[in-house]
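Structure at a glance
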Amino acid sequence: MYRVRNTQRVIRYNPWIFAKYFDDSMAVTVPHEVAHYLVDCLHGLGRVRPHGVQWRGIMNAFDVEPRATGSFDLAGIPVRRQRRFTYRCECSTHHLVTRRHNSVQRGEARYRCRDCGETLTAAS
Ligand SMILES: [Zn+2]
Ligand SMILES: [Zn+2]
């Protein structure tokens, strides 16, 4: 994927997909993302459609068929795991995903243990 963070332009490739489909990834994914980068440099992201004429033009210049979505079979490719925070109650340990953890920290939400009914508190 291609993204811009502050002023940094970053292309990030999924190592699992590359490990499984190296040749196809080199032939398709690399020019696809590099074309996004070039569109950003030439036109600015958000000023043109992501897979619009400008992007397709660059893909054509690379001599790669401009398809917007990959057709890789993602079976066996792990999805990115969410960060989890450890909470405790009277009887056990629980894990909250970041979104829930943040609302607890902001005092917007409380979660109770289904077994003992205690309000969960952050461990450590
Ligand atoms: Zn794209
Ligand atoms: Zn409990």
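Definitions and limits used
Residues numbered from 1 in each chain as written. Chains lettered and ligands numbered in written order. Predicted model: local features only at pLDDT ≥ 70, side-chain atom pairs only at ≥ 80, totals over all residues. Heavy atoms only, no water. Helix = DSSP H or I, 4+ residues; strand = E, 2+ residues; numbered from the N terminus. Contact = heavy atoms within 4.5 Å. Polar contact = N/O pair within 3.5 Å; in protein donor to acceptor, adjacent residues only side chain to side chain. Buried < 20%, exposed > 50% of the residue type's maximum accessible area, 1.4 Å probe, protein only. Arc of directions from axis to C-beta. Domains from an automatic or database assignment. Core = buried A, V, L, I, M, F, W, Y, C linked by side-chain atoms within 4.5 Å.

A look at the environment of Arg56
Here Arg56 shows up in helix α3 (residues 53-61). Expressed as a C-alpha distance, the spacing of Arg56 and His32, which sit 24 residues apart in the sequence, is 9.3 Å. Once residues within four sequence positions are removed from consideration, Arg56 is found in contact with His51 and Pro66. Within the structure, the side chain of Arg56 is placed 3.1 Å from the backbone oxygen of His51, a separation counted as a polar contact.

Some remarks on α3
The complete set of buried residues in α3 reads Trp55, Ile58 and Met59. For α3, the angular spread of the buried residues around the axis is 100°, confining them to a single face. Of the exposed residues in α3, the ones pointing more than 90 degrees away from its buried face are Val53 and Ala61. Those residues of α3 that are buried lie in contact with α2 (22-43). Immediately beyond the C-terminal end of α3, within one or two residues, lies Asp63, with a positive phi of roughly 65°.

Quick word on the domain arrangement of the protein
Here the protein is partitioned into domain 1 (2-61) and domain 2 (84-122). Taking the mean C-alpha position of each, domain 1 and domain 2 sit 40 Å from one another.

So, the nonpolar core
Formed by Ala35, Val39, Val48, Trp55, Ile58, Met59 and Val64, the largest nonpolar core amounts to seven residues. Of all elements in the fold, only α2 and α3 reach the threshold of two or more residues within this core. For this core, the element with the most residues is α3, which contributes three residues. For Val64, the residues in contact, after removing those within four places along its chain, are Ala27, Pro31 and Met59. Core analysis: the second largest hydrophobic core is formed by six residues, Phe85, Tyr87, Cys89 and Leu96 among them.

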